[in-house]
Every structure is written in structure tokens, then in C-alpha cells.
Amino acid sequence: MLKKVCGDLVLRLEAETKEVPDGKKEIVLAWAKNGLECFKGDKPVCWLGYNYPVEIPLALGYLPFYPELAPGMLAGFNLSSGLVEMAETRFFNMFCCTFHRCSLGAASKGIWPKPAAILGLSNICDGQVKLLNLFGDMFGVTPLILETPLDIGEKDVNYLERQLRDLIPPLEDSSGQKFTEEKLKETIRISNRTRKALLRIDELRKHSPSPYHGASAMNGLYVLVTQLWGMPQTLDLLDNLIREIEENETRGISNGEKFRLLLMVTTPTYKTEIYNLLEKKMKANFVVAELTNVVWEEIDEQNPFQSLARKLISHPMAGSMDKRVDWALTTARDFNVDGVIHFSHWGCRQTSGGVGVLRKRIEDAGIPFMNLDVDLVDPRSFSWGQVSTRLEGFIEMLDQRKEL
Amino acid sequence: MLITAGIDIGSLSTDTVIIGENKQMLSYSIISTGANSKKACDASFAQALDRAGLKKEDIDYVLSTGYGRKRVEFADDEITEITCHARGLHFQHPQTGRIIDIGGQDSKAIAINEKGKVMNFAMNDKCAAGTGRFLEVMARALEIELEEMGALSLKSNEAVPISNMCTVFAESEVISLIAEGKQVFDIVNGISLSISGRVLGLLDRVGGEGEIAMSGGVAKNIGVVSAIEDKLGVKLHIPKEPQIIGALGAALIALERANP
Amino acid sequence: MFEEELTELGKVGLDLSDCILSENDRTIGWLCSYVPEEIIHASGFYPMRIRGRGDPIGRADGLLHNNLCPFVRSVMDDAVEGSLEYLSGVVFANSCDAMRRLHDAWSVFLENDMIYSLDPPKGVNGPAIAYYTDQLRDFAKALNRDSPEEINNRSLEQSIEVFNDTRMLMEKVAVLASNNSLSGHTLFNIAQMATRCRREEFNQRLARFLDTYSDEEPVKRGVRILLAGCIIDRPDQVRLVEDVGAHVVANELCSGSRQFDKMVRDDIDPYEALAERYILKAPCARMTNLKDRIDYLVRLAEENNVDGVVYYIVKFCDHYMWDYPNVRVAFQEKGIPVLDVEGDYMKGSFGPLQTRIQAFVESLE
């Protein structure tokens with residue numbers, strides 16, 4: 001079914017973007033094309049847990065597939081609920097993360113492209129390791145799990161670096177390709193250039209009014225960063241986006257921005273009304289998002305494993321709340337935001353478990369904060385009445401606070 | 001004279017308030033929302049107009065609020081009940097610094113400033129626990145009328161604690177308690193404590209200072225009000241008609257918009 | 001504290017009332033069985049395992065989230081209410097997402113003069129053990145700044161001896177339970193109390209008990225059950241399982257027998273020995289390698305000749321929940337029936353489970 005979705009998307013979007021170039025549509029097109037390639041079978045597919053340093057499997061000729069994140073895409077096409085239900089018949093109850101439940105359902109129905117390797121991280125969330133273990137069983141592939149330390153001290157980085165090096169032999173076996181320093185350098189160069197491009201987009205978004213928003217823009221950037229990272233076409237896509245944004249700015253295209261928001265976690269792909277409500281009606285724009293923001297230093301080609309280890313540990317979700325809070329406070333100031341909205345995904349313990357801490361630290365810094373409990377994958381649990389009231393109430397409050 | 005109207009379409013009741021230029025109350029109406037919020041909204045508006053001796057054209061600005069606010073065709077604009085409750089209670093009782101509102105399907109705590117503007121708010125999570133819905137479900141399980149709950153609760157000397165967070169599980173728990181022979185009024189007391197615990201959690205989160213006022217239908221439930229007052233150690237300000245506070249706030253904001 | 005548990009143990013002739021830790025002792029609390037108690041002990045503080053009271057959650061929901069492990073929320077609630085103030089310090093571990101956030105919330109909402117945090121690996125291999133060894137050295141250094149006594153190799157080796165003694169003694173208690181001479185809830189009770197007593201004295205009392213104990217009232221033979229699963233902190237809950245005709249001959253509980261698995265070596269550097277033992281011991285579901293855990297569970301069931309397994313999952317525990325389907329298949333392949341039950345760590349939570357457990361036990365008779 002994913003194959004069909006990707007196939008249909010490629011046909012439709014290729015035609016549409018030929019007529020009218022559209023940076024965001026091109027991102028979805030690239031995702032769909034990569035999906036189709038994964039099904040072709042002539043290149044080995046690597047299943048990656050969220051935030052995995054994809055530069056390494058790319059250097060070994062793998063095609064990347066993110067089984068945890070694909071459900072979010074399916075949700076955007078209203079195809080997720082049935083798969084979530086399927087997992088429930090296999091015992092996993094309603095308290096589990098639906099990204100994982102849906103992925104399990106999809107895997108059992110043979111919807112995902114077959115993996116030649118499975119790579120994961122121990123410290124983004126518990127569910128990731130558990131899910132990948134089950135996949136390992138299902139597909140007869142031993143998952144390789146990186147032990148991600150909480151802290152970023154020297155000992156921690158060295159430990160992680162060593163594990164990254166140890167990955168190479170088994171990955172070579174499963175891909176049938178030999179590892180070379182040069183191939184890794186290549187993917188790192190692309191990764192670094194992509195990073196620069198992403199930084200440029202965020203620089204532009206710091207402008208007031210912010211020139212980049214809307215459902216397809218936000219969701220598009222999210223897909224690009226979390227699922228298309230490190231691939232050559234990604235660079236082109238970003239460059240196109242940058243051009244589009246700069247052009248819009250020059251032409252003075254704006255929605256009359258009144259409020260600037262910081263997005264934590266991400267928004268449900270199946271409910272684009274959120275953006276209509278916030279941006280069109282209330283003139284509130286998300287000017288920066290947690291999962292598409294550059295938080296790591298450039299990767300050092302000469303010392304790739306160490307830098308990749310640092311990149312990995314720098315992610316705000318990979319560790320204690322200190323990282324996330326510091327990121328939020330610094331970024332809120334840099335982007336001059338009026339408020340922070342955090343979407344807690346149902347069943348996601350590590351993000352929702354930190355909400356109390358986020359709220360206290362962010363509000364203590366004088367920045368309004370709101371948490372919304374939603375399900376990012378299963379629209380059946382989504383209550384638009386509740387969510388819209390809270391979103392509107394929050395912006396109304398920002399308005400009233402501004403009067404002071 | 002400028003005349004404005006606020007309409008609050010809630011899950012349980014639909015209320016209209018009509019005020020004049022000097023913020024004087026000209027009329028109000030409260031009717032049950034039932035299954036058809038559009039019908040309820042038309043009926044409530046019509047009743048309030050009738051009681052004020054006015055026609056639709058006499059109203060200069062209509063502002064709608066509540067969960068059904070987007071479906072009021074004749075409204076000039078819509079605004080959330082958070083902002084409206086804040087304005088309404090502040091008008092009625094200017095010393096208010098914090099507000100508790102337990103409605104049919106949402107409960108909230110709001111911190112306001114001396115002008116009645118919202119500084120911070122917190123709402124219940126997805127669950128129905130801590131809302132009017134919770135009380136409805138419990139009343140049904142106990143086979144009593146919703147309106148009886150308050151008075152019953154006061155008869156109790158010892159609350160039976162309800163440990164379950166979820167409305168559905170709490171319902172089963174209550175049924176078991178009845179089977180065990182626990183007194184209905186002790187159970188109702190436990191329910192009041194449960195709901196007040198939820199709401200106080202919201203109040204905690206919202207900060208703010210100053211007197212605490214309560215709006216929403218559940219403000220009429222003296223058992224819940226006492227439970228909250230006991231826990232806080234202060235008396236709450238309860239308006240005479242807590243249900244119309246949202247509509248009143250909407251009418252006041254409408255007045256500001258019509259007369260900037 | 002723990003009057004009920006002490007009384008129960010008194011009934012079988014084990015009197016721990018004068019060695020149980022009280023608010024007057026200098027204690028450091030710990031939460032996860034991957035934290036080496038020996039290091040705490042060598043510092044002159046008494047290590048004490050923290051449990052939640054199991055009352056309905058109050059403020060913790062707002063400080064954490066209601067969609068999180070109830071054990072973690074229960075502990076947070078107790079801390080916020082002040083009932084854990086007697087502890088001189090607390091050692092947290094990155095056991096799982098919920099425990100990670102417990103540490104974060106504690107750091108923000110509570111006093112934290114003496115808060116320590118360990119990050120035990122989830123994989124079992126040489127580099128992981130080396131990594132943990134380094135952490136343990138750092139932990140001892142940090143503790144040494146505030147501790148009444150100095151932790152050095154010598155004092156650490158002495159503490160290791162004391163805790164190895166407990167492991168040997170608890171092995172014998174486990175045998176008693178397996179031989180129907182002692183009830184499962186008493187075994188569990190003793191296992192829990194070990195972590196709440198001054199350890200040297202506990203060892204003495206327990207040794208004496210083992211010498212003199214004879215089952216004058218032999219335990220009624222019941223269906224032999226292995227109780228596996230998430231954290232249980234009340235012996236009366238284990239008793240509820242036995243009340244319906246079962247004999248919990250062994251348990252895999254983190255707060256029970258699994259704490260005492262495997263000795264610490266005395267022939268290598270003590271920090272290395274500790275890291276090795278704590279990582280290699282009977283695995284918690286948090287460990288990455290599911291096969292290891294399944295092998296351990298099946299072995300435990302077979303060695304104790306069980307008729308069935310009760311697998312207890314605490315609500316929101318992703319680790320135990322996700323493992324379960326494969327665990328069940330593994331047991332079924334060996335012809336061992338399994339029952340899964342879900343609870344929420346609260347005081348009354350086993351009541352509603354009794355009927356299901358009883359039906360399961362009856363099916364095995």
C-alpha cells in the first residue's frame with residue numbers, strides 16, 4: 001500500500017510541479033521517489049530509527065527508510081487508523097505510541113519495503129528499541145542499536161564514537177559494499193552543505209514577518225530534515241526553497257504576522273486546519289520548529305566518527321530535559337517569539353514526561369507556553385473542538401498580554 | 001444607545017446576554033443545548049430579545065463563544081470562552097485574580113490582570129475527568145439527579161476516595177463501591193474531592209494571585225465548591241448565575257468592539 | 001514505616017524491627033537495581049530503596065504527565081509532599097524514559113543538594129562495561145565529597161563482601177520458597193526488606209533465621225507460579241496471588257529476587273567487578289537484547305518447575321509491554337501457560353486482578 005501511495009504521488013506531483021514549480025510539493029515528491037526506489041529491490045534498504053546518523057549507511061550505498069516516521073506520512077493520507085487497529089489485535093493497547101503501533105501493523109501486512117539492515121538508538125525513546133527488536137524478529141535481521149549516552153562529555157563521545165566505528169563491518173556485510181573513507185567524506189560534505197542551507201532558511205525565518213509558513217511548508221521541511229537528510233537531491237530541494245523564500249520576501253508577500261510562535265515536537269500531518277486557524281485567522285506563525293532546527297556543529301571530515309557522535313548527542317531529545325529547555329529558551333530569544341506551543345504525542349513518554357519541566361522553565365523566563373495532548377498519527381483521537389479552543393485561547397491571551 | 005449581545009453555545013446549555021451602552025444587563029436567557037446547537041442558539045437569542053423587548057436589528061454587535069461559536073451565522077465574530085469568562089467575572093467581581101470554570105466538557109483555570117485580561121490559562125487534558133461530564137456519568141451510575149449531588153455531598157462526614165483518573169474506570173469503581181455498601185453521600189463526597197483535585201491541579205499551574213471566582217454550571221454544585229474551598233482554605237466568589245458569565249463576557253467585549 | 005511487613009516477617013520468626021532504617025539514619029535513596037548499592041554503602045551512608053506509597057496521584061501529574069509510569073509519578077508525588085525528605089541524597093538512573101524524566105522533574109521542582117545520576121548501558125558487551133566502570137568511578141568521587149567515610153578500593157571491597165553475603169543468603173531463601181517451605185510472598189517480603197535495613201545486621205538476622213527456620217506449618221501445596229514483570233512494591237499483592245491457590249515459587253521482580261542475582265567478583269578491580277556484575281546480572285526488560293531476557297525467564301521457570309507464569313505489566317511500561325508477545329511465545333513453546341495482567345502500582349490494584357488470576361490458577365490445577 002505504501003508502494004501504491006508513493007507511485008500515485010510520483011505521477012501526480014511530477015505533473016503538477018512541471019507546470020508550476022513548488023518547493024514543498026517537490027519535497028513530498030522526493031520522499032515518494034525514494035520510497036519507490038526502496039521497493040525496487042536493487043539497492044539495499046536500511047531501516048533507521050529517528051535521529052540516526054544517516055551519513056554512515058548512505059556512505060555504504062543503503063537507501064534510508066524510517067519505519068517510525070512513515071506512519072506520520074500515512075496519516076496525512078488518512079491511511080493510518082486501520083494499521084493502528086491491527087497492532088491492537090496483537091496485544092499492543094491504546095497506551096502505546098501510535099507511530100510504533102501503526103508501524104508494527106504496516107510491517108505485519110508487508111507494507112514496508114524489506115530491510116537489509118536495521119539501525120536504532122537506545123536513547124531517543126524506549127519504544128524505538130522495542131519496535132526495532134520486533135522488526136528484527138519479523139525480518140530475520142539483527143538490529144544494531146547504538147548506546148546513546150545522556151551527557152556530552154569526552155568519555156561519552158568516545159564511547160559513542162567507538163560504537164559507530166564498530167558498525168562498519170556488519171553494515172558492509174549486509175550491503176555487500178566496501179566502506180571507504182572517501183565515500184563517508186562525500187556524504188558528510190553533502191550533510192554539511194545541507195546543514196548550511198537549513199541554517200540559511202532559519203536565518204530567513206528570523207525576519208519579521210517570517211517568510212516561511214503554512215502547512216505544506218512546515219510539514220515539508222519536517223519530512224526533508226527527518227527522512228531525506230544527507231541525500232544529494234535534498235540539497236537541491238533546500239536551495240529551491242531558499243530561492244522561493246527570498247523571492248517572496250522581495251515581493252513583500254506576507255500574511256500580516258502579529259504573533260511569532262516556536263513549535264516543539266511537530267504538528268499532525270492530517271490536520272492542516274491548524275495552520276489555517278493560526279496563520280490565516282489569528283495571524284500567528286510558527287517561525288521555528290524543534291525538529292528542523294540545526295543544533296549541531298559542522299561535521300569534521302577528518303574526524304567523522306567523533307563529529308557524528310557529537311551530532312547525535314546534541315539532539316534536544318537525546319538526553320535530559322536540560323538540553324531541550326536550553327534549546328527552547330535560546331531559540332525563543334533568537335527568533336523573538338511571543339509564545340511556545342508543544343504538541344505532546346499520545347504514548348510518547350519522553351516528550352510528554354518533560355512538559356512540567358518545560359512549562360516551568362519557559363514560563364519563568366516570561367514566555368507563554370502551552371501544551372496540547374494530541375495523537376500525531378491516529379485522527380480518530382483528535383478532537384478539533386478542544387484543540388481549536390485551546391489554540392485560539394492561547395493567541396487571544398498573547399494578544400491581551402501584549403497590551404501591557 | 002448601543003446594544004450588544006453575547007451568545008455562549010456550550011455542550012450543556014446555550015446562553016444569551018444582552019447589554020446596553022452603560023454595561024447594564026438588559027436581559028438574559030439560558031436554555032438546554034440538546035442535540036441541535038443551531039436551534040438552541042436561535043431559540044436562546046430569540047428568548048433574550050423577547051425578554052428585552054428588542055428585535056434582532058436593534059443589536060449592534062453579536063459575539064459568539066463556547067464550543068459551538070463557529071456555527072452562529074448571525075454573529076459578527078467569535079472568541080473563545082476563556083477570554084469571555086475572564087471578562088465576565090472581572091466585570092462582576094473586579095477583585096478577581098483567578099478563575100475556575102468547570103463546564104460540560106472542559107475545565108479551566110485562568111489568571112487575569114486588573115483589567116480582566118487573560119494572563120495565563122490551563123485546561124484539562126483530553127479526559128472528561130474533572131468536567132461536568134464526569135459528574136453526569138457518576139450521577140447516572142449512582143442513580144441520582146445531577147442537581148441532587150451538591151446537597152447530598154454535604155451530608156457526608158467521610159469521603160470515599162475515588163482512585164481512578166479515568167471517567168470510565170471511575171464509573172466502574174463507583175459501582176463496586178455501591179455493591180460494597182458504601183453510602184451514596186460518602187461516594188458523592190469522594191467524587192467532589194476527585195473533581196476538585198483535578199481543577200486545583202490546573203489552578204496550581206496557572207499562577208496568578210488574588211481572589212478566586214468560579215463560573216460554569218458546576219459552580220452550582222455546593223459539594224464541589226465546598227471541596228475546593230476546603231482544599232484552598234479560602235472562600236470562592238460564585239456569581240448568582242454562573243452559567244451566563246461566558247455570554248456576559250462576550251457581550252462586554254462586543255461593546256468594546258462596537259465602540260472603540 | 002513498613003510495620004505491616006515487619007509484622008508478617010515476625011510471624012515466620014524473622015525479626016528485623018531493630019535493624020530497619022529509620023528517618024534518623026543517614027540514608028541515600030536509590031530507585032533502580034542497576035545502581036550499585038555497594039558504592040553507597042562504602043561511603044558511610046545506608047543505601048535504601050525508594051518505593052512510592054501507591055496512593056492516588058496528586059500533584060505529580062502536573063509536574064510530569066498523567067501518561068507516564070505510575071511508579072515514577074507515585075515517587076514524585078511523595079517527594080513533592082515531603083515524605084522523602086529524610087533522605088540525605090538520591091541516586092537516579094537512566095533506566096527508561098520515565099525514570100529519565102523523573103530525574104529531570106526532581107531537579108527542577110525539588111531541592112537537590114545530593115542528587116546523583118547514573119546512565120547504565122542497555123547493551124551487554126565489553127565497551128559498555130568499560131563505559132559503566134568509568135561512570136562508577138566518577139560516582140564514587142562525587143559521593144566522596146559529601147560522605148562520612150571515604151570510598152576507596154579497600155572500603156569498597158569490604159562493602160562488596162557484605163552485599164555478596166546477602167546474595168548468598170537470598171539464594172538459600174529462594175530455595176526454601178521453591179521447595180514449598182516458604183511462601184512466595186514471604187520470600188518477596190524478605191527481598192524487599194533487605195533494601196530497607198542496615199545491611200550487616202540484616203545479613204546476621206537472615207543467617208540466623210536460615211539456621212533455625214523449619215516449616216512447622218508446611219506451606220500448602222499450590223499451583224507453582226513464576227511471577228514475572230514490572231515493579232511490585234507490596235508483599236500483600238504477591239499474597240493476593242497466592243490466596244487463590246497458587247504458590248509463587250519464584251519471582252523475576254526487580255524489587256524482589258532479581259536484585260540478588262549474580263555475585264560480584266573479588267579478583268579484579270572493584271569498580272570493574274561492579275560494572276560487570278550489574279550489567280551482566282539477570283536482565284530487566286530495559287536491556288536491548290530480548291533473547292537474553294527470554295532465555296533467563298524460561299530458565300527460571302524450568303529450574304523452578306513451574307506450572308504457569310503470571311506476567312505483570314504496569315500501565316504505560318513500554319519495556320515490559322513490548323517484550324510480552326515474544327515472551328509468551330517462548331513460554332508456550334515450552335508448554336508453559338502464561339497469563340498477562342495489568343496494574344497501576346496503586347495500593348488496591350491487585351484486587352480486581354484476583355478473579356483473572358484465580359481462573360488461570362484453576363485452569364492449571
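Residues numbered from 1 in each chain as written. Chains lettered and ligands numbered in written order. Predicted model: local features only at pLDDT ≥ 70, side-chain atom pairs only at ≥ 80, totals over all residues. Heavy atoms only, no water.

Another aspect to go through is the overall build of chain C. When helices and strands are tallied, chain C shows 14 helices and eight strands. Expected size for 365 residues packed as a compact globule is a radius of gyration near 21 Å; at 20 Å, chain C falls within 12% of this value. For chain C, the spread of C-alpha atoms along the principal axes amounts to about 55 × 50 × 40 Å. Burial analysis of chain C (365 residues in total) assigns 65% to the buried set. On chain C, roughly 13400 Å² of surface is accessible, and the fraction owed to carbon and sulfur atoms is 45%. (Helix = DSSP H or I, 4+ residues; strand = E, 2+ residues; numbered from the N terminus. Rg over C-alpha atoms; globule rule 2.2 N^0.38 Å. Buried < 20%, exposed > 50% of the residue type's maximum accessible area, 1.4 Å probe, protein only. Areas by Shrake-Rupley, 256 points an atom, 1.4 Å probe, with all protein chains shown as cover.)

Note: interface size is frequently given as the accessible area lost on complex formation between the parts. Residue and element names in this part refer to chain A. Partitioning chain A into domains gives domain 1 (2–180) and domain 2 (182–403). The C-alpha-based centres of domain 1 and domain 2 are spaced at 21 Å. Counting residues at the interface gives 61 residues for domain 1 and 53 residues for domain 2. With both sides pooled, the region where domain 1 packs onto domain 2 buries about 4900 Å², and carbon together with sulfur makes up 66% of that total. The largest per-residue losses of area from domain 1 upon contact with domain 2 belong to Lys24, Ile27 and Glu55, which jointly make up 14% of the total buried on that side. Our count for the domain 1 to domain 2 interface comes out at two salt bridges. Its salt-bridge partner being Lys311, residue Glu55 comes within 2.9 Å of it at the nearest N-O pair. The interface formed by domain 1 and domain 2 holds 23 residue pairs in polar contact (both at pLDDT 80 or more) in total. (Domains from an automatic or database assignment. Contact = heavy atoms within 4.5 Å. Buried area = accessible area lost by both parts, 1.4 Å probe. Salt bridge = Lys/Arg side-chain N within 4 Å of Asp/Glu carboxyl O. Polar contact = N/O pair within 3.5 Å; in protein donor to acceptor, adjacent residues only side chain to side chain.)

Our next topic: the pattern of salt bridges. Per the counting criterion, the structure on display carries 71 salt bridges over all chains. Residue Glu403 of chain A pairs with Lys117 of chain B through a salt bridge whose shortest N-O separation is 2.4 Å. With one member in each of two chains, Glu403 of chain A in the segment after helix H17 (384–402) and Lys117 of chain B in the loop between strand S7 (107–112) and strand S8 (118–123) form a pair that bridges those chains. By relative accessible area, Lys117 of chain B is classed as buried at 13%. It is possible to trace a salt-bridge network through shared partners that takes in Lys281 and Glu392 of chain A together with Arg69, Lys70, Glu78 and Glu81 of chain B.

On to the sheet that holds strand S4 (residues 144–146) of chain A, then. Residue and element names in this part refer to chain A. Spatially, S2-S1-S3-S4 is the arrangement adopted by the four strands of the open sheet, whose pairing is parallel. Two strands bound the open sheet, and with one partner strand each, they are strand S2 (63–65) and S4. On average, adjacent strands in this sheet sit at an angle of 25° to one another, irrespective of strand direction. Pairing of strand S1 (residues 45–48) with strand S3 (residues 117–121) involves three bridges; the strand directions are parallel. Within S3, the position partnered with Cys46 by the bridge is Ala117. (Pairing = 2+ DSSP bridges. Axes fitted to C-alpha atoms, helices over the stretch in contact; angles between N-to-C directions.)

Attention shifts here to the packing of aromatic side chains. Scanning the entire structure with this criterion turns up 20 aromatic pairs over all chains. Seen from their ring centres, Tyr270 of chain A and Phe382 of chain A are 5.6 Å apart, and the 90° between their planes marks the pair as edge-to-face. Highlighted residues: Tyr270 of chain A in the loop between strand S5 (259–264) and helix H12 (273–281) and Phe382 of chain A in the loop between strand S8 (369–374) and H17, separated in sequence by 112 residues. Residue Tyr270 of chain A is classed as buried on the basis of its relative accessible area, which comes to 14%. Judged by centre distance (4.9 Å) and plane angle (35°), the ring pair of Phe209 of chain C and Tyr213 of chain C falls under tilted. Among the aromatic side chains, those forming a connected cluster through ring pairs are Trp47, Phe65, Trp112, Phe135 and Phe139 of chain A. Taking the ring centre of Tyr67 of chain B as reference, the NZ or CZ of Arg71 of chain B above it sits at 5.6 Å. (Phe/Tyr/Trp six-rings, centres within 6.5 Å; stacked < 30°, edge-to-face > 60°. Lys NZ or Arg CZ within 6 Å of the ring centre and 35° of its normal.)

Let us look at the side chain of Ser320 of chain A. On the secondary structure map, Ser320 of chain A appears in the loop between helix H13 (304–314) and helix H14 (321–334). In this structure Ser320 of chain A comes out as buried when scored by relative accessible area, which is 18%. If sequence neighbours within four positions are ignored, Ser320 of chain A has contacts with Leu150 of chain A together with Arg101 and Asp104 of chain C.

It is worth spelling out the interface of chain A and chain C at this point. In this complex, chain A contributes 49 residues to the contact, which on the side of chain C involves 41 residues. Overall, the association of chain A and chain C removes approximately 3900 Å² of surface from exposure, summing both partners, and the carbon and sulfur fraction of that is 57%. Connecting chain A to chain C are four salt bridges. A salt bridge links Asp138 of chain C to Lys155 of chain A, with the shortest nitrogen-to-oxygen separation between them at 3.2 Å. On the surface where chain A and chain C come into contact, there are 23 residue pairs in polar contact (both at pLDDT 80 or more). At the level of elements, helix H6 (98–108), helix H7 (126–139), helix H8 (154–175), helix H15 (349–352), helix H16 (355–364) and S8 of chain A are the ones that each hand at least two residues to the side of chain A that touches chain C. Ranked by residues supplied to the side of chain A that touches chain C, first place goes to H7 of chain A with seven residues. Of the residues that constitute the side of chain A that touches chain C, the class distribution is 20 nonpolar, 15 polar and 14 charged. (Nonpolar A, V, L, I, M, F, W, Y, C, P; charged D, E, K, R; others polar.)

Turning our attention to H6 of chain A. Residues and elements named next belong to chain A. Counting buried positions along H6 gives 10 out of 11 residues, so the element sits mostly inside the fold. Of the positions making up H6, those classed as buried are Thr98, Phe99, His100, Arg101, Cys102, Ser103, Leu104, Gly105, Ala106 and Ala107. Where H6 terminates, the next one or two residues include Gly110, which has phi positive at roughly 75°.

So, about a negative patch on the surface. Together, Glu85, Glu111, Asp113 and Asp146 of chain C make up a negatively charged patch on the protein surface. On the secondary structure map, Asp146 of chain C appears in helix H6 (residues 126–146). (Patch = residues over 30% accessible without salt bridge, like charges linked within 9 Å, V, L, I, M, F, W, Y side chains within 5 Å. Lys, Arg positive; Asp, Glu negative; His and termini not counted. Charge placed at Lys NZ, Arg CZ, Asp CG, Glu CD.)

In this section: the packing of helix H8 (residues 184–194) of chain C against helix H9 (residues 199–212) of chain C. All names here are of chain C. The contact between H8 and H9 brings their axes to 10 Å, and the two run at 155°. Viewed along their axes, H8 and H9 adopt a mutual orientation that is roughly antiparallel. Residue-level inspection shows Ile190, Met193 and Ala194 of H8 in contact with H9, the latter providing Arg199, Phe202, Leu206 and Phe209. In the contact of H8 with H9, the residues fall into six nonpolar, no polar and one charged. (Parallel < 35°, antiparallel > 145°, perpendicular 65-115°, else oblique.)

Where strands meet in a sheet, backbone hydrogen bonds hold them as pairs that are either parallel or antiparallel. Residue and element names in this part refer to chain B. The sheet built from four strands is open, its strands ordered S8-S7-S6-S9 with mixed pairing. Pairing within the sheet leaves two strands with one partner each, and these edge strands are S8 and strand S9 (211–215). For this sheet the average axis-to-axis angle between neighbouring strands, irrespective of direction, equals 20°. Direction of pairing for S7 relative to S8: antiparallel, over a ladder of five bridges. Bridged to Ala109 within S8 is Ala122. Helix H2 (residues 81–92) rests against strand S6 (96–102), S7, S8 and S9 of the sheet, and its axis sits at about 55° to S7.

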